[in-house]
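A closer look at the structure
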Amino acid sequence: MKRLDNLFRKMLIAGSAVALCSLPAFAKDTFVPYQAAVTADSAILYESDDTDSDALVTLSEGDVVVLLSNEQSGLQPAAWEDGDEVITGYMDMDSLAPESLGQATVLAESAVLLNEADSGSEVMDELAEDAPVQILGYNDSWYFVQVGSQTGFLAVSEVDADIVTNARLNLRTEPNTDCEVLTVLPRNTVISPEQAEGEWIQVTFEGQTGYVNSRYVDATEDCVVKDPSMSTGQAVVDYAVQFEGNPYVWGGTSLTRGCDCSGFVMKVYEHFGISLPHSSASIRHCGRAVSRSEMQPGDVVCYSGHVGIYAGDGKIINALNSRVGIVYSRVDIMDVVGIRRML
């Protein structure tokens, strides 16, 4: 999911989660971008928020766009990848359906569903502990969620979904900075909240239960690792390489009809009973880290906005781009930012 993840990452820096060279002028500072699929036979990406404006591209049912507004009606700003180009315009919300990143539950004893990603915004509903929500998008402070027919915002500390530290972070005995530090969590540590207390989140790390400050964690998609049934890394490679030459499709998850980079890794590992998120950024936090000297066939090689599966002999098998599809590439095709072992 290379292009899509790049777009979200830039928006995270600007106050949300994938990467235009610069944010479009129509995007609000508080929006949380999310993916949506075309549900009509065809849908137009317009140049402006007027159906009389020029049609930039006509999309087909199942195509996935990134929405740059959290408004749920009318024409709203959206981004679409056409080959190596990202096109921004406006799409009719009636022709789109949000793509869920997964289900989570309310962590706090009670939580308020807000109209905007702002603690001072209108309260839409009050949700009880363990109430189910569908996560549509996220940034370092807010989830954009769907609850029944409603969409709105919940604070990260109020939702029971995996989080990842964005800095070296103290795990404290109490929810304040005056207490003892149990240990220091490394950057990019994936942890699961157990309960929330204001801006503090209770977690357990390596057998020690304590509190971390929600300002120093980011929301991430679930990384659920199932029983790999004694699969080997070489078996993963042997399965993956049979799809060499198949097409790259941005947002796709079909190993035969087309997939993007994270969709390729996700579907290959799904065959071995391991569930990974459809996001190269989130895959970087799954499994366990290994060094380059320890790298073995089957390990997932992570880049900035891209992932592939190490095939041995200094090569990866990956869904590279729309021009070449699923191919072998050199490990050093880009700067490696991490290697993850899923088995």
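None of the values given here were measured: they were computed from a predicted structure. (Residues numbered from 1 in each chain as written. Predicted model: local features only at pLDDT ≥ 70, side-chain atom pairs only at ≥ 80, totals over all residues. Heavy atoms only, no water.)

**Re a negative patch on the surface**
Note the threshold: A patch consists of residues exposed above 30% relative accessible area that lack any salt bridge, with like charges linked at up to 9 Å and nonpolar side chains (Val, Leu, Ile, Met, Phe, Trp, Tyr) linked at up to 5 Å. All accessibility values rest on the Shrake-Rupley procedure with a 1.4 Å probe; residue burial counts only the protein chains present in the view. Think of a salt bridge as a Lys or Arg side-chain nitrogen and an Asp or Glu carboxyl oxygen that are within 4 Å of each other. Counted as positive: Lys and Arg. Counted as negative: Asp and Glu. His and the chain ends are not counted at all. The atoms used to mark charge sites are NZ of Lys, CZ of Arg, CG of Asp and CD of Glu. Secondary structure follows DSSP: runs of H or I at least 4 residues long count as helices, runs of E at least 2 residues long count as strands, and numbering of each begins at the N terminus.
Negative charge collects at one region of the surface, where Glu109, Glu129, Asp130 and Asp160 lie side by side. Turning to its location among the elements, Asp160 is positioned in strand 14 (residues 159–160).

**Thoughts on the packing of aromatic side chains**
Cut-off, in case you're wondering: To pair, rings of Phe, Tyr and Trp, with the six-membered ring standing in for Trp, must have centres within 6.5 Å; the planes then decide the type, stacked if under 30 degrees apart, edge-to-face if over 60, and tilted in the middle. Type-normalised accessible area, obtained with a 1.4 Å probe on protein chains alone, sets the label of each residue: buried when under 20%, exposed when over 50%, and partly exposed for intermediate values.
For the structure shown, the criterion picks out 4 aromatic pairs. With a centroid separation of 5.1 Å and 40 degrees between ring planes, the pair formed by Phe144 and Phe153 is classed as tilted. Take Phe144 and Phe153: they sit in the same class, and that class is buried. Between Tyr239 and Phe243 the ring centres are 5.2 Å apart and the planes differ by 75 degrees, which places this aromatic pair in the edge-to-face class. A single burial state applies to Tyr239 and to Phe243, both of which are buried. Joined through ring pairs, the aromatic side chains of Tyr34, Phe144 and Phe153 make up one cluster.

**With respect to the sheet that holds strand 28 (residues 315–321)**
Worth spelling out the cut-off: Being paired, for any two strands, means DSSP has found at least two bridges between them. The contact criterion used is simple: two residues touch if any of their non-hydrogen atoms lie within 4.5 Å. Where helices are involved, their axes are fitted lines through C-alpha atoms of the stretch in contact, as for all axes, and angles between N-to-C directions lie from 0 to 180°.
Taken in spatial order, the 6 strands line up as 25-30-26-27-28-29 in an open sheet, and their pairing is antiparallel. Both edges of this open sheet fall to strand 25 (288–289) and strand 29 (325–330), since each of them pairs with a single strand only. Packed onto the sheet, helix 3 (residues 261–270) meets strand 26 (300–303), strand 27 (306–312), strand 28 and strand 29 and runs at close to 50 degrees relative to strand 27.

**Looking at the pairing of strand 4 (residues 64–67)**
Of the two faces of strand 4, both are covered, the one formed by Val64 and Val66 as well as the one formed by Val65 and Leu67. As judged from the 4 bridges shared by strand 1 (residues 34–38) and strand 4, these two strands associate in the antiparallel manner. Residue Ala36 lies in a different strand from strand 4, and its bridge partner there is Val65.

**Looking at the nonpolar core**
Note the threshold: By nonpolar core we mean a set of buried residues, namely Ala, Val, Leu, Ile, Met, Phe, Trp, Tyr and Cys, connected to one another through side-chain atoms within 4.5 Å.
Of all hydrophobic cores here, the largest spans 55 residues; its most connected members are Met91, Phe264, Val265, Tyr269 and Ile309. With 5 residues, the single largest contributor to this core is helix 3. Counting residues in hydrophobic clusters, the runner-up holds 26 residues, among them Leu127, Val147, Ala161 and Val203.

**Brief notes about the confidence of the model for the chain**
This is how it is decided: pLDDT expresses how confident the predictor is about each individual residue, on a scale running from 0 to 100.
Mean pLDDT for the chain: 81, with 85% of residues reaching 70 or above. Low pLDDT, under 50, characterises residues 222–230; the stretch is placed with 23 contacts to residues that sit more than four places away or in other chains.

**Quick word on the pattern of salt bridges**
Across all of its chains, the model carries 3 salt bridges by this definition. Residue Glu270 is joined to Lys267 by a salt bridge in which the shortest nitrogen-to-oxygen separation is 2.9 Å. One end of the pair is Glu270 and the other is Lys267, both in helix 3 and 3 residues apart, which spans about a single turn. Owing to a relative accessible area of 22%, Lys267 belongs among the partly exposed residues under this scheme. When the shortest N-O distance is used, the salt bridge between Asp332 and Arg330 registers 3.1 Å. Asp332 gets classed as partly exposed once you look at its relative accessible area, which sits at 47%.

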